[in-house]
Amino acid sequence: MKHDESASLAVPAPAAPAPAPPELHIASLVVHALPHRLPDVRAAISAIAGSDIHGASDTGKLVVTLEAPTTDDMMARISEIQRLDGVLASALVYQHADTLAAMNEEIGDVHGS
């Protein structure tokens, strides 16, 4: 009887990588729009998921924050703002990403409470 050595050399298939934990991406932008297009630009930004306008000037500058679940989603939202009719420029001021669990951790104050 012949012994099949290939059966004893079988290597187990590698385990699938564990799924990445959910993330939260936060960014803030200064958006400069044509002043006469400001109402339309504000409305368009407000329609973008995860967007919030914190302030605007009569000269067409807006302070905007964005939240997104992934880097790709964040980049798509920033690009969408940059391509809006009436937007002259946008500047990324702040960007942070972390796991959703870390972002929801309660942080004590300097007195330990």
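Going by the structure above, here's the rest.
Predicted model only: the values in this text are computed from it and were never measured. (Residues numbered from 1 in each chain as written. Predicted model: local features only at pLDDT ≥ 70, side-chain atom pairs only at ≥ 80, totals over all residues. Heavy atoms only, no water.)

A. How the structure looks around the pairing of strand 1 (residues 23–33). Relative to strand 4 (residues 87–99), strand 1 runs antiparallel, the two sharing eleven bridges. Following the sheet pairing, leucine 24 is matched in strand 4 by aspartate 98. Looking at chain direction, strand 1 and strand 3 (residues 61–68) are connected through eight bridges and run antiparallel. Looking across to strand 3, one finds that leucine 29 is bridged to valine 64. (Pairing = 2+ DSSP bridges. Helix = DSSP H or I, 4+ residues; strand = E, 2+ residues; numbered from the N terminus.)

B. Layout of a nonpolar patch on the surface. Where nonpolar side chains cluster on the molecular surface, the patch consists of Val30, Val63, Val93 and Tyr94 and spans about 350 Å² of accessible area. Mapped onto the elements, valine 30 comes out in strand 1. (Patch = residues over 30% accessible without salt bridge, like charges linked within 9 Å, V, L, I, M, F, W, Y side chains within 5 Å. Areas by Shrake-Rupley, 256 points an atom, 1.4 Å probe, with all protein chains shown as cover. Salt bridge = Lys/Arg side-chain N within 4 Å of Asp/Glu carboxyl O.)

C. Examining the environment of methionine 74 more closely. The topology assignment puts methionine 74 in helix 2 (residues 71–82). Spatially, the C-alpha atom of methionine 74 lies 13 Å from that of valine 64, the residues being ten residues apart in sequence. Once residues lying within four places of it in the same chain are set aside, the contact partners of methionine 74 are His25, Ile26, Ala27, Leu66, Glu67 and Ala68. (Contact = heavy atoms within 4.5 Å.)

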